[in-house]
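One letter stands for each residue in the lines below.
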Amino acid sequence: MKALTWQGKRDVRVETVPDPKIEEPTDAIIRVTSSGLCGSDLHLYEVLTPFMTPGDILGHEPMGIVEEVGAAVPDLQVGDRVVVPFQIACGNCWMCLTGLPTQCETTQVTAEGMGAPLFGYTRLYGAVPGAQAEYLRVPQAQFGPIKVPEGPADDRFVYLSDVLPTAWQAVAYAEVPKGGSVAVLGLGPIGDMACRVAQVQGAGRVFGVDLVPERLRRAKERGVETFDLRSFDDEKELVEAIRDQTDGRGPDAVIDAVGTEAHGSATARMVQNASALLPRKISGPMAERFSVDRLAALYTAIELVRRGGTISLSGVYGGMADPMPMLTLFDKQVQMRMGQANVRRWSDEIIPYLTDEDPLGVDDFATHRVSLAEAPEAYDMFQKKRDGAVKVLFQP
């Protein structure tokens, strides 16, 4: 089959690789019909290279058609149309039953001290072959895949794999009071969708911050009060501008949908780039102990949120030596929640919104739909924010 493989920093290639096979009774094989390009894929493309191995198959946002099922997968049949969550979990352990499949006790990557494995996402998360491919082996298929009906285009459902539950959890963790205010930092796919989720769940005011004109325009068209980062000389001006809209307090909640590659963190970027240039035998151990994130977005969130408010982190962070302003966090009495989205915890709540009325705007959420053969160019376009790229779907 054809699959997109990681070969080095900013080097991804479509190659011919062996077809996946059933390896365990709880496996299924799907033929991928759509697979998303995620902002967190760009972290692999750029800053998390110490944890990658040449030949790794990328991607973790798939849907498709079941081609084969293992003997211990009673609820799937060949021909079923399914969306596959990005994490691999059993559904039966204490963590899964508590609503935390990202921490599944059956599948945890204990050798790396990490939670549940993820498709296409570094050795830290199991080095599981990913979904930007023609076919995908799905472990723990007795729990993970979400069956969806025939009829609507893939766009209606594919975001159940990651974008929708990640945005949904971001808003849930933000604990925005009914009629309250929330600021979303970063209007890429997750931030954009988090704004939409906050609106349908009853937020009174939703503020969106970005510096990409197309992203700001998309959010503004859906009623988000947007702030162009380029219009302010520094973070303090931005914070004051939003505070002025919230009686001087700041919003009730802030969602950081940017993560480790925040704009404006020059020193941390230099460290990340230097680490990526080191030999893998050196860079991997160093990253596990001394890695740092670009924290500009998180620092802005801490400054911006009102006293007693909540910060929700959906952007991926991977630093092990990040400096945090603990005095400010403690003094402002800020609550902070974070983590990979627990897809199956939220999927049943989300599905009723995936109707023909389309309140979340999923049917036209993608800005680009390209073939798998065009994936290397799509990564470059998405990273450089060219051509209005906000959400890219591969259609193998």
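Residues numbered from 1 in each chain as written. Predicted model: local features only at pLDDT ≥ 70, side-chain atom pairs only at ≥ 80, totals over all residues. Heavy atoms only, no water.

Requested: an account of the overall build of the protein chain, with residues and values cited.
What the protein chain contains, in helices and strands, is 12 helices and 15 strands. Seen along its three principal axes, the alpha-carbon backbone of the protein chain occupies a region of about 60 × 50 × 45 Å. For the protein chain, the proportion of its 396 residues judged to be buried stands at 55%. Restricting to contacts in the protein chain with at least 6 residues of sequence separation, those with at least 24 account for 72%. Total accessible area on the protein chain stands at roughly 16,500 Å², and carbon and sulfur atoms take up 51% of it. Considering the protein chain, the positive charge centre built from 39 side chains and the negative charge centre built from 54 side chains are found 3 Å apart. (Helix = DSSP H or I, 4+ residues; strand = E, 2+ residues; numbered from the N terminus. Buried < 20%, exposed > 50% of the residue type's maximum accessible area, 1.4 Å probe, protein only. Contact = heavy atoms within 4.5 Å. Areas by Shrake-Rupley, 256 points an atom, 1.4 Å probe, with all protein chains shown as cover. Lys, Arg positive; Asp, Glu negative; His and termini not counted. Charge placed at Lys NZ, Arg CZ, Asp CG, Glu CD.)

Explain helix α6 (residues 235-243) to me, and be specific about the residues and the numbers.
Taken residue by residue, α6 has Leu238, Val239, Ala241, Ile242 and Arg243 as its buried positions. Structurally, α6 contributes buried residues whose contacts are with β9 (205-210), β10 (225-228), α9 (296-304) and α10 (326-332).

I'd like a rundown of the UniProt feature "domain: Alcohol dehydrogenase-like N-terminal" (unreviewed entry) in the protein chain, residues and numbers included.
Under the present numbering, the feature "domain: Alcohol dehydrogenase-like N-terminal" (unreviewed entry) in UniProt falls on residues 25-146. With 10% helix and 21% strand, residues 25-146 has its two end C-alpha atoms placed 18 Å apart. (UniProt positions renumbered as here; feature names shortened; annotations may be inferred.)

Hey, could you go over the sheet that holds strand β8 (residues 181-185) for me, with residue numbers and the actual values?
Taken together, 6 strands build an open sheet; the order of strands is β10-β9-β8-β11-β12-β13 and the sheet is parallel. The open sheet has two edge strands with one neighbour each: β10 and β13 (335-338). Strand-to-strand, the axes of this sheet are offset by a mean angle of 20°, without reference to chain direction. Of the strand pairs in this sheet, strand β11 (residues 253-256) and strand β12 (residues 310-313) are connected by 4 bridges, and their pairing is parallel. Directly across from aspartate 256, in β12, lies its bridge partner leucine 313. Sheet strands in contact with α9 are β8, β11, β12 and β13, and its direction is about 165° off that of β8. (Pairing = 2+ DSSP bridges. Axes fitted to C-alpha atoms, helices over the stretch in contact; angles between N-to-C directions.)

Outline the environment of isoleucine 65, supporting the account with residue identities and numerical values.
Inspection of the secondary structure puts isoleucine 65 in strand β4 (residues 62-69). On the accessibility criterion, isoleucine 65 (16% relative accessible area) is buried. Considering only alpha carbons, one finds isoleucine 65 and arginine 31, 34 residues apart in sequence, at a separation of 5.2 Å. When near neighbours in sequence (up to four residues on either side) are disregarded, isoleucine 65 contacts Ile29, Ile30, Arg31, Thr33, Gly79, Asp80 and Arg81.

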